[in-house]
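For reference, the chains in residue letters:
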Amino acid sequence: MNRDSILLGLIGEGLDLSRTPAMHEAEGLAHGAATVYRRIDTRGKRASGRELKTLLDAALALGFNGLNITHPFKQAIVPLLDEVSEQAQQLGAVNTVVISPEGRTTGHNTDVTGFARGLEEGLPQAKMDTVVQVGAGGVGNAVAYALVTHGVRELLVADLDSTRAEALAAEINKAIGREAVRGVDARGIETSIAQADGVVNATPMGMLAHPGTAFDTACLTPAHWVADVVYMPIETELLATARALGCQTLDGTRMAIYQAVDAFGLFTGLEADASRMRETFLSL
Ligand code: NAD
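Note that the structure is predicted; figures quoted are calculated from it, not measured. (Residues numbered from 1 in each chain as written. Predicted model: local features only at pLDDT ≥ 70, side-chain atom pairs only at ≥ 80, totals over all residues. Heavy atoms only, no water.)

## Quick notes on the side chain of His 224
Looking at the element boundaries, His 224 is found in the loop between β10 (198–201) and β11 (225–228). Here His 224 is in contact with Ile 193, Ala 194, Ala 196, Asp 197, Gly 198, Cys 219, Cys 247 and Gln 248, once residues within four sequence places are set aside. (Helix = DSSP H or I, 4+ residues; strand = E, 2+ residues; numbered from the N terminus. Contact = heavy atoms within 4.5 Å.)

Quick look at the structure:
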């Protein structure tokens, strides 16, 4: 690719608060390349009403080097690509599309690799035999896949919508070829958490608009590790409670930053500086 300039974009719905454009623009510039990262928002004036394929074709025609793909297109983009990494293919979801100079598209999933890197770095000694994940939505899918492909032997997934938890379990078990994930009832999930090594919140609970926790934290002990995908705020009620108890914790920023670090590497072939991208992320 032409390293003199980098042209990237994010296709999704409701992108105003995304910190990903700023992370890529600052990182590209730090590598000496003028970098433009556009929000292609299907709720915005220009892209609304356009088919995903039309937007992808436009990016190809305009010489984009890559795209991130977010809600609600992570699954729909898969069949539109020339090639998809084995991991993204198994999960059936792509968040990063690399576009070659010839216009060939390759899909990857850096939500998975990003969460896994955060886990390895933030909870290096954590016991991973049995883990409970609460929340089986878009982020929960990538998190569950990352957990069971990075050491978790048994993953129990609960969601207020039990069909989602069961569907996620079936999909991931099929993808990895073993019965590692089980959908369980969200009611009384505290009993399972009490017996687990760690717990991951993959629900919006803890955000300013969704205060509180997704389960009763009285079931936690200092032996648990606790991870949250929510990063606004960084210190959720769940993490604050867990920390006060003495639990090891992992906040949502690592996933958000490492998905961008990994995507930048794929887009440019350059190694992103994770601490610099973190600085940009936290400055916003
Ligand atoms: P989603 O709406 O697709 O899924 C959320 C799921 O949580 C739903 O299935 C819902 O039924 C379930 N849920 C909600 N409250 C619950 C409760 N009390 N108990 C059990 N289940 C409950 O949302 P998503 O796209 O998966 O995003 C989830 C959160 O992840 C967002 O709110 C955001 O804060 C965070 N997020 C983090 C990153 C990151 O990189 N760290 C990236 C995107 C989003």
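Let us keep going from here.
## Notes on the site of the ligand
Looking at the ligand, there are 21 residues lining it, with Val 139, Asp 159, Arg 164, Val 229 and Gly 252 nearest. Between the ligand and Gly 138, the relevant distance is 3.1 Å, taken from an oxygen atom to a main-chain nitrogen or oxygen of the residue. Protein chains shield 75% of the accessible area of the ligand, which is 860 Å² for the free molecule. If you map the ligand onto the pockets, it falls in the largest pocket. Elements with a minimum of two residues in the shell around the ligand: α5 (138–148) and α9 (253–268). Examining the composition of the shell around the ligand, we find that three residues originate from one element, α5, more than from any other. Here the residues of the shell around the ligand are counted per class, giving 13 nonpolar, six polar and two charged. (Near = heavy atom within 4 Å. Polar contact = N/O pair within 3.5 Å; in protein donor to acceptor, adjacent residues only side chain to side chain. Areas by Shrake-Rupley, 256 points an atom, 1.4 Å probe, with all protein chains shown as cover. 1 Å grid on protein atoms, 1.4 Å probe; cavity = no way out; pocket = protein on both sides within 12 Å on 5 of 7 lines; lining within 4 Å. Sits in = over half its atoms within 2 Å of the grid points. Nonpolar A, V, L, I, M, F, W, Y, C, P; charged D, E, K, R; others polar.)

## Quick word on the packing of aromatic side chains
Here the distance between the centres and the angle between the planes together describe a pair of aromatic rings. Under the criterion given, the structure shown has one aromatic pair. Note that Arg 19 overlies the ring of Phe 281, its terminal NZ or CZ placed 4.5 Å from the centroid. (Phe/Tyr/Trp six-rings, centres within 6.5 Å; stacked < 30°, edge-to-face > 60°. Lys NZ or Arg CZ within 6 Å of the ring centre and 35° of its normal.)

## Some points on empty space enclosed by the protein
The gaps left among the atoms become clear once a water-sized probe is rolled over them. Applying the stated criterion across every chain yields a total of one cavity of 30 Å³ or more. Space inside the largest cavity adds up to approximately 40 Å³. Lining the largest cavity we find Phe 115, Gly 118, Asp 228, Val 229, Leu 250, Asp 251, Gly 252, Arg 254 and Met 255. Going through the elements one at a time, α4 (110–122) and α9 are the ones with two or more residues in the lining of the largest cavity. Residues of the lining of the largest cavity, tallied by class, amount to four nonpolar, two polar and three charged. (Points joined across faces, edges and corners; volume = space filled by probe spheres on them.)

## Topic: the environment of Glu 121
Tracing the backbone shows Glu 121 in helix α4. Separated by 76 residues in the primary sequence, Glu 121 and Lys 45 have C-alpha atoms spaced 40 Å apart. Residue contacts for Glu 121: discarding those within four places in its chain leaves Arg 254 and Tyr 258. Only 2.3 Å separates the side chain of Glu 121 from the side chain of Arg 254, close enough to count as a polar contact.

## Let's talk about the sheet that holds strand β3 (residues 66–69)
What holds strands together in a sheet is hydrogen bonding between their backbones, with the strands either parallel or antiparallel. Strand order in this open sheet of six strands is β2-β1-β3-β5-β6-β4, and the pairing throughout is mixed. Only two strands of the sheet have a single neighbouring strand rather than two, namely β2 (34–41) and β4 (83–84). The sheet contact formed by strand β5 (residues 96–99) and strand β6 (residues 105–108) spans four bridges and is antiparallel. Note on β6: the bridge partner recorded for Val 97 is Gly 107. Packed onto the sheet, helix α1 (residues 20–30) meets β1 (5–12), β2 and β3 and runs at close to 165° relative to β2. (Pairing = 2+ DSSP bridges. Axes fitted to C-alpha atoms, helices over the stretch in contact; angles between N-to-C directions.)

## So, the packing of α1 against helix α10 (residues 274–283)
At their nearest, the axes of α1 and α10 sit 9 Å apart, and the two run at 135° to each other. The orientation of α1 with respect to α10, classified from their angle, is oblique. Handedness of the α1/α10 crossing: right-handed. Across the interface between the two elements, Ala 22, Met 23, His 24, Ala 26, Glu 27 and Ala 30 of α1 pack against Arg 276, Met 277, Thr 280 and Phe 281 of α10. Grouping the constituent residues of the contact of α1 with α10 by class yields six nonpolar, two polar and two charged. (Parallel < 35°, antiparallel > 145°, perpendicular 65-115°, else oblique. Left-handed = near helix turned anticlockwise from the far one by under 90°.)

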